[in-house]
Amino acid sequence: MAVVSTLQAQPLPEVKDLPDRPEMPDVMTMLDGTKVTTPAQWQRRREEMKVILEFYELGHAPPPPGNVKGWDVHAHPVRNGTANYRLVHLTFGPDEKLGFDIAIFTPAGDGPFPTIINPSFFSTPGVNFVNHAPPVDPAPATNSSGRPHFNFNAPVDPEVAARGFSNQLDRGYAIVTYRYTQCGEDNPNFRTNSFYPAYPGHDWGVLLGWAWGLSRVVDYLETQPFCDTNKIIALGHSRLGKLTMVATAFDDRISLGAPAGSSGAGTGAYRFCGPGRGGKEGIEDMTRKFGYYFVPRLKDFTGQMNKLPFDAYWYIALTAPRPWISIEGTDDQNCVPNAVKQSVLAARPVYKFLGVSPDRVGVNYEQHRHGLTPADWQAALDFSDQQLRGINHGRKFNQFPPEEASASAGTNAPTNP
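Residues numbered from 1 in each chain as written. Predicted model: local features only at pLDDT ≥ 70, side-chain atom pairs only at ≥ 80, totals over all residues. Heavy atoms only, no water.

Novice: Which parts of the structure should I look at to understand the overall build of the protein chain?
Specialist: Per the secondary structure count, the protein chain includes 10 helices and 11 strands. Looking at the protein chain as a whole, 57% of its 417 residues qualify as buried. Taking all contacts inside the protein chain whose residues are at least 6 apart in sequence as the whole, residues at least 24 apart take part in 70%. Carbon and sulfur atoms make up 53% of the accessible area of the protein chain, which amounts to about 16900 Å² in all. (Helix = DSSP H or I, 4+ residues; strand = E, 2+ residues; numbered from the N terminus. Buried < 20%, exposed > 50% of the residue type's maximum accessible area, 1.4 Å probe, protein only. Contact = heavy atoms within 4.5 Å. Areas by Shrake-Rupley, 256 points an atom, 1.4 Å probe, with all protein chains shown as cover.)

Quick look at the structure:
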């Protein structure tokens, strides 16, 4: 079945009818073959790109509900009064019956503060402490193999969480964090819960649903005096890096996107991931293991990758001219450094076309496996300081691992968390 968008004159073809294109699909050529040469054309091309991504990968989300509100469940100082904590329940949607909980940590003072939205694998701080349960330190225990073992379902004490965000708070950033599964369970049955039953006419995969949920946080932040709405940063790791990437591309209110360790269907170009194309997590692996993230149509590209009419760098191009950085580990078992490199390099000309420095597209590698480390946070904050606050830490964000390291990584990697 072909779908006709109001933004183009011809229907989008099914996968079998697409032409072969081994090269990265050009974002600067419109569907009718016209080359983009003006900012007005670029805006039309951006809408075409969104239509293509929705049709072949993400699905279609409902429009913004327009009625996001929040009420404080808890609010008190933390870190000996140097910061403040609030647990806020958001409501929105039909009859205001949808919603989820977010934890907000702000430096002491009036602000406004640059604000980081950080979806998390851990429970939202304070949600499980209505009855004053004892605090639980989220530091990992060690399992029998000697590797860290995280209890992602353990309750998180706001004081412990605030100490974990000490670097961010001390540098003048506010943090908004929440457990991502409130915006859709991470399994094929996600349509039975959260937002999805309220919007039965939409074919969105859960990845787009998670991104849609992050945008509801932005809705709320726009009403809050503590938030500098010109400095909203989205940062998530692994599959939350994917949701960060999608949310930043589709929501222009996000000032800076920082996907970290986003793995397959993340920053790394599909054409340079997967069997015979760089290893690790390709489109075949992602649609087999996590098909519910996407629309079923994406799986049709298995075995015919050259027909893919987009690639990961489109998400970065859609973010332009806003700053964007990929936070990576040199030894990440799920990410292909060359695939990340191809995406970053392909996106930079769009920034140049829009009259801003290509340095607004950054990448940073720290020496570690799949995880989000204090050094990663340091890099993200330094990049944000540079791009949004005019604070130069003398760092460059254009360094990739040596080519031999990129090529030598194994192809039998475990599933990304």
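Novice: Teacher, can you tell me more about the side chain of R171 here?
Specialist: Considering the arrangement of structural elements, one finds R171 in the loop between α3 (166–170) and β7 (174–179). When neighbours within four sequence positions are excluded, R171 is seen to be in contact with Q378, L381, D382, D385, R389 and H393.

Novice: I would appreciate a short explanation of the packing of helix α4 (residues 206–221) against helix α5 (residues 239–250) in the present structure.
Specialist: Each pair of packed helices gets described by two things: the angle between the helix axes and the distance between those axes. Look at α4 against α5: their axes get within 8 Å of each other, and the N-to-C directions meet at 65 degrees. Here α5 runs roughly perpendicular to α4, going by the angle between their axes. Crossing hand, α4 versus α5: right-handed. Seen from α4, the contacting residues are L207, L208, W210, A211 and L214; seen from α5, they are R239, K242, L243, V246 and A247. In terms of residue class, the contact of α4 with α5 is built from eight nonpolar, no polar and two charged. (Axes fitted to C-alpha atoms, helices over the stretch in contact; angles between N-to-C directions. Parallel < 35°, antiparallel > 145°, perpendicular 65-115°, else oblique. Left-handed = near helix turned anticlockwise from the far one by under 90°. Nonpolar A, V, L, I, M, F, W, Y, C, P; charged D, E, K, R; others polar.)

Novice: Honestly, the pairing of strand β10 (residues 324–329) in this entry has me stumped. Any pointers?
Specialist: Regular strands place side chains that alternate from one sheet face to the opposite one. Taken across its six residues, β10 has six buried, putting it largely inside the fold. Of the two faces of β10, the one carrying W324, S326 and E328 and the one carrying I325, I327 and G329 are both buried. Direction of pairing for strand β9 (residues 256–260) relative to β10: parallel, over a ladder of two bridges. Paired with G257 across the bridge in β10 is W324. (Pairing = 2+ DSSP bridges.)

Novice: Any chance you could explain the environment of K341 here in plain terms?
Specialist: Topologically, K341 is positioned in helix α8 (residues 337–353). Put simply, K341 and S326 are 15 residues apart on the chain and 9.8 Å apart in space, counted from C-alpha to C-alpha. Leaving out residues up to four positions away in the same chain, K341 has contacts with F400 and E403.

Novice: I keep staring at the environment of V176 and nothing clicks. Help me out?
Specialist: Mapped onto the elements, V176 comes out in strand β7. Take V176: its relative accessible area is 0%, and that puts it in the buried class. For V176 and I104, which are 72 residues apart along the polypeptide, the C-alpha to C-alpha distance reads 4.5 Å. For V176, the residues in contact, after removing those within four places along its chain, are I102, A103, I104, T115, I116, I117, N118, V217 and L221.

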